[in-house]
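# Chains, contacts and geometry: an overview
For reference, the chains in residue letters:
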Amino acid sequence: MITRRSFLAAAAAAVPLRAAGGFSLKIGVMDGVLRLSSKPEAIALAKKVGVDGLQVTLGGEPGGDHLLLADPDLQAHYREESKRHGIP
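None of the values given here were measured: they were computed from a predicted structure. (Residues numbered from 1 in each chain as written. Predicted model: local features only at pLDDT ≥ 70, side-chain atom pairs only at ≥ 80, totals over all residues. Heavy atoms only, no water.)

## Quick notes on the pattern of salt bridges
Inspection of every chain in the model, using the stated rule, returns one salt bridge. A salt bridge links R84 to E81, with the shortest nitrogen-to-oxygen separation between them at 2.3 Å. With R84 and E81 both in helix α3 (residues 72–85) and three residues apart, the pair spans about one turn of that helix. (Salt bridge = Lys/Arg side-chain N within 4 Å of Asp/Glu carboxyl O. Helix = DSSP H or I, 4+ residues; strand = E, 2+ residues; numbered from the N terminus.)

## Considering the nonpolar core
Residues V29, L34, L36, A42, I43, A46, V51, L54, L69, L74, Y78 and I87 constitute the largest nonpolar core, which totals twelve residues. If you list the elements that add at least two residues to this core, you get α2 (41–49) and α3. In terms of residue count, the dominant contributor to this core is α2 (three residues). (Core = buried A, V, L, I, M, F, W, Y, C linked by side-chain atoms within 4.5 Å. Buried < 20%, exposed > 50% of the residue type's maximum accessible area, 1.4 Å probe, protein only.)

## Let's talk about the side chain of D31
As for its position among the elements, D31 is in the loop between β1 (28–30) and α2. One buried charge, D31, has no salt-bridge partner; the nearest side chain with opposite charge is K39, at 9.5 Å. (Lys, Arg positive; Asp, Glu negative; His and termini not counted.)

The following block contains the structure:
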């Protein structure tokens, strides 16, 4: 099993390689880490902080019976933001 310390050391060593273009590691983040769960604004922030991808929280309203992303308008908004910022 890999320890957190070993993982962080390996990730830190990969940063200069990625910057030099000799390494193809893509980094993504979950929208909740950006404190923007289930909000399309997370895409612009993900681009700003320099990650390559975003995991979207489907999320439901507390006590609700549907997922927020079941809304076609919200889905379209996510697609538009994703294209605009180049974040899949």
